[in-house]
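Structural features, examined
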Amino acid sequence: MIVLNKKTANEFKNFAIVGIISTAVNYLIFYSLVHFLGLHYLISSSFGFITGIFVSYGLNRVYTFSSSSVNMKKEFTSYVLVCIFSLLLSLASLWVFVELFDINPLIGNVLAIGVSTVSNFLGLKTFVYSN
């Protein structure tokens, strides 16, 4: 269970800062693939999200959650599993925004990133960095 205390609030603040950095990378990749290469928005979003995983793992491990785990392979695997869940949730959200609500994919992706941000923090806090 996630308790809303000063430590959790500080972690979420740090997570948000890391999120801004990784989201900027994510969206830059997404936009470039859609705009310059003409790739489908769902494929482009996947590449952006995956790139963001690598950026966010290193920063979240050290800066947000101050992990001292010596089993980085297990930690990274758990991290990726949480991110894959969030990716699927993000893609489903993006599809709903674009196909059902007729929102431009460039705007829909911003909304989907918001959905995955909440999912990622809760998943990471609960399943990866629960100590």
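Below you will find a few notes about this structure. None of these values were measured; they are calculated from a predicted model.

**Quick look at helix H4 (residues 105-128)**
If you check which residues of H4 are buried, you get Gly 108, Asn 109, Ala 112, Ile 113, Ser 116, Ser 119, Asn 120, Phe 121, Gly 123, Leu 124, Lys 125 and Val 128. As for H4, its buried residues are in contact with helix H1 (6-35), helix H2 (41-64) and helix H3 (72-100). Capping the start of H4, Asn 104 holds a side-chain oxygen 2.7 Å from the backbone nitrogen of Leu 106, two or three residues further along.

**As for a nonpolar patch on the surface**
Taken together, Ile 17, Ile 21, Leu 59, Val 62 and Tyr 63 make up a surface patch of nonpolar side chains, about 420 Å² in accessible area. Elements with a contribution of two residues or more to the nonpolar patch: H1 and H2. Counting residues per element, the nonpolar patch draws most heavily on H2, at 3 residues. Tracing the backbone shows Val 62 in helix H2. Exposure remark for Val 62: the relative accessible area of 60% places this residue in the exposed category.

**Considering the environment of Asn 60**
With respect to the secondary-structure elements, Asn 60 resides in helix H2. A C-alpha to C-alpha distance of 20 Å links Asn 60 and Ser 46, two positions 14 residues apart in sequence. Setting aside residues no more than four positions away along its own chain, Asn 60 makes contact with Phe 15, Val 18, Phe 65, Ser 66, Tyr 79 and Leu 124.

**Considering the packing of aromatic side chains**
Aromatic ring pairs: the centre-centre distance and the angle between the two ring planes describe each pair. Under the defined criterion, the tally for this structure stands at 11 aromatic pairs. Ring geometry for Phe 12 and Phe 121: centres 4.9 Å apart, planes at 90°, overall edge-to-face. With Phe 12 in helix H1 and Phe 121 in helix H4, this pair connects stretches of sequence that are 109 residues apart. Among the aromatic residues, those joined into a cluster by ring pairs are Phe 12, Phe 15, Phe 54, Tyr 57, Phe 65, Phe 76, Tyr 79, Phe 121 and Tyr 129.

**Thoughts on the side chain of Glu 75**
Secondary-structure assignment places Glu 75 in helix H3. At 2.5 Å, the side chain of Glu 75 and the side chain of Arg 61 are in polar contact. Sequence-distant contacts of Glu 75, defined by excluding residues within four places in its chain, comprise Tyr 57, Arg 61, Ser 67, Ser 69, Val 128 and Tyr 129.

What counts as what
Residues numbered from 1 in each chain as written. Predicted model: local features only at pLDDT ≥ 70, side-chain atom pairs only at ≥ 80, totals over all residues. Heavy atoms only, no water. Buried < 20%, exposed > 50% of the residue type's maximum accessible area, 1.4 Å probe, protein only. Helix = DSSP H or I, 4+ residues; strand = E, 2+ residues; numbered from the N terminus. Contact = heavy atoms within 4.5 Å. Polar contact = N/O pair within 3.5 Å; in protein donor to acceptor, adjacent residues only side chain to side chain. Patch = residues over 30% accessible without salt bridge, like charges linked within 9 Å, V, L, I, M, F, W, Y side chains within 5 Å. Areas by Shrake-Rupley, 256 points an atom, 1.4 Å probe, with all protein chains shown as cover. Salt bridge = Lys/Arg side-chain N within 4 Å of Asp/Glu carboxyl O. Phe/Tyr/Trp six-rings, centres within 6.5 Å; stacked < 30°, edge-to-face > 60°.

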